[in-house]
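Residues per chain are reported as follows:
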Amino acid sequence: LFLSADYSQIELRILAHLSGDENLIEAFQNEQDIHTRTATEIFEVDTAEVDSNMRRIAKMVNFGIAYGISAFGLSRQLRINLKDAQSYIDDYFSNYPGVKSYVDFILKGARNDQYVSTILGRRRYLREINSGDQRQRQGAERAAINMPVQGSSSDIIKIAMVRIADEMAHNFPDVKMLLQVHDELLFEVSPGAIIEFADKVKLLMENSYELSVPLKVNIQKGENWLEMSGISS
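Residues numbered from 1 in each chain as written. Predicted model: local features only at pLDDT ≥ 70, side-chain atom pairs only at ≥ 80, totals over all residues. Heavy atoms only, no water.

**Examining the overall build of the protein chain**
From N to C terminus, the protein chain includes nine helices and seven strands. Taken against the 2.2 N^0.38 rule, which gives 17 Å for 233 residues, the C-alpha radius of gyration of the protein chain at 20 Å falls within 12% of a compact globule. In the protein chain, buried positions account for 45% of the 233 residues. Sequence-distant contacts, at least 24 apart, represent 59% of the contacts inside the protein chain between residues at least 6 apart. On the protein chain, roughly 12,400 Å² of surface is accessible, and the fraction owed to carbon and sulfur atoms is 46%. Across the protein chain, the 25 positively charged side chains and the 33 negatively charged ones have centroids separated by 8 Å. (Helix = DSSP H or I, 4+ residues; strand = E, 2+ residues; numbered from the N terminus. Rg over C-alpha atoms; globule rule 2.2 N^0.38 Å. Buried < 20%, exposed > 50% of the residue type's maximum accessible area, 1.4 Å probe, protein only. Contact = heavy atoms within 4.5 Å. Areas by Shrake-Rupley, 256 points an atom, 1.4 Å probe, with all protein chains shown as cover. Lys, Arg positive; Asp, Glu negative; His and termini not counted. Charge placed at Lys NZ, Arg CZ, Asp CG, Glu CD.)

**Describing the packing of aromatic side chains**
Overall, the coordinates contain seven aromatic pairs when judged by the stated rule. Look at Y92 and Y96: their rings are 4.7 Å apart centre to centre, the planes differ by 45 degrees, and that puts the pair in the tilted class. A relative accessible area of 0% means that Y96 is categorised as buried. Geometrically, the ring pair formed by Y115 and Y125 is tilted, given 5.5 Å between the ring centres and 55 degrees between the ring planes. Note that Y115 is positioned in strand β2 (residues 115–117) and Y125 in strand β3 (residues 123–125), a separation of 10 residues in sequence. According to the relative accessible area criterion, Y115 is partly exposed, its value standing at 22%. These aromatic residues form a ring-pair network of at least three members: Y92, F93 and Y96. Just above the ring of F93 sits the side chain of K100; from NZ or CZ to the centre is 5.3 Å. Residue placement shows R123 over the ring face of Y115; its charged tip is 4.0 Å from the ring centre. (Phe/Tyr/Trp six-rings, centres within 6.5 Å; stacked < 30°, edge-to-face > 60°. Lys NZ or Arg CZ within 6 Å of the ring centre and 35° of its normal.)

**Brief notes about a nonpolar patch on the surface**
Together, L178, L179 and W225 make up a nonpolar patch on the protein surface, roughly 250 Å² of accessible area in all. When you line up the elements, W225 lands in the loop between β6 (217–222) and β7 (229–230). (Patch = residues over 30% accessible without salt bridge, like charges linked within 9 Å, V, L, I, M, F, W, Y side chains within 5 Å. Salt bridge = Lys/Arg side-chain N within 4 Å of Asp/Glu carboxyl O.)

**Some thoughts on the environment of M177**
Tracing the sequence through the fold places M177 in strand β4 (residues 176–181). On the basis of relative accessibility, which here comes to 26%, the residue M177 falls in the partly exposed class. Each C-alpha atom of the pair M177 and V189 lies 8.9 Å from the other, and the pair is 12 residues apart in sequence. The contacts of M177, once residues within four sequence positions are left out, are M161, I164, A165, M168, L186 and F187.

**Describing the side chain of T40**
Within the secondary structure, T40 is located in helix α3 (residues 34–42). Residue class for T40 comes out buried when judged on its relative accessible area of 14%. For T40, the contacting residues outside a window of four places in its chain are V45, D46, T47 and V50.

**Things to note about the environment of A193**
With respect to the secondary-structure elements, A193 resides in the loop between β5 (184–188) and α9 (194–206). You can call A193 buried: its relative accessible area is 18%. Taking the C-alpha atoms as reference, A193 lies 46 Å from K100; in sequence the two are 93 residues apart.

**Concerning the pairing of strand β1 (residues 2–7)**
As judged from the five bridges shared by β1 and β5, these two strands associate in the antiparallel manner. In the sheet register, D6 faces β5, and the bridge partner there is E184. (Pairing = 2+ DSSP bridges.)

**Some words on the pattern of salt bridges**
Opposite charge on two side chains makes pairing possible when the charged atoms of those side chains draw close. Within the structure shown, the criterion is met by eight salt bridges. In this structure, R37 and E26 form a salt bridge, with 3.3 Å as the shortest nitrogen-oxygen distance. Taken together, the residues span a long stretch of sequence, with R37 in helix α3 and E26 in helix α2 (residues 22–29) at a distance of 11 residues. By relative accessible area, which is 14% here, R37 ends up buried. Classification of E26 as partly exposed rests on a relative accessible area of 36%. The partner of E31 in a salt bridge is K216, and the shortest N-O contact between them spans 3.3 Å. Highlighted residues: E31 in the loop between α2 and α3 and K216 in the loop between α9 and β6, separated in sequence by 185 residues. Exposure remark for E31: the relative accessible area of 58% places this residue in the exposed category. Here K216 falls in the partly exposed class, since its relative accessible area comes to 29%.

Listed below in structure tokens is the structure:
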């Protein structure tokens with residue numbers, strides 16, 4: 001069988017850790033649906049009033065902030081006017097002020113140092129961060145905001161892969177690690193070993209790096225990658 005192990009919203013969890021934003025940390029520590037929570041804040045409604053479209057917009061705002069999106073970029077993604085897109089971003093930063101402070105801090109550091117780093121110290125150099133060319137400069141600014149988040153996600157899953165590979169070598173020699181796709185690992189596991197291996201993978205991935213919020217991993221199995229379902233012990 002195939003076994004899939006997928007980090008849940010790891011980039012937003014890393015953003016909470018890096019920014020130290022109290023509201024974002026609280027949401028993840030209380031296992032709230034972060035997109036629904038953001039929707040309640042930017043639309044000023046109760047949780048019960050959040051519909052699928054509100055949550056969709058909030059999801060784009062949440063991930064857009066982590067990717068350094070501009071009001072123009074968000075307006076194009078959501079197909080809304082620039083004023084509304086800027087309003088969503090302003091409302092987000094109003095509710096998550098620690099994220100705004102973090103973004104400003106990262107950009108200031110990137111302009112001074114011309115690089116940004118992941119939580120493990122990997123650097124990305126950004127020579128264009130002070131460019132007189134607006135397009136080059138804005139591209140470097142987006143990269144400066146995004147790289148510490150997405151790069152740290154890459155660091156964490158690589159740590160997990162190394163630890164899982166060691167576990168496989170000692171206790172699961174017949175399991176094959178087939179693919180890493182973004183925040184997901186895909187394995188080939190015999191049916192008799194799948195529950196035991198799933199428990200071990202979940203444990204190793206969720207403890208691969210200690211953040212200020214919990215890492216969560218979703219596990220599924222199936223005979224092909226398209227048709228996967230949850231695992232019951």
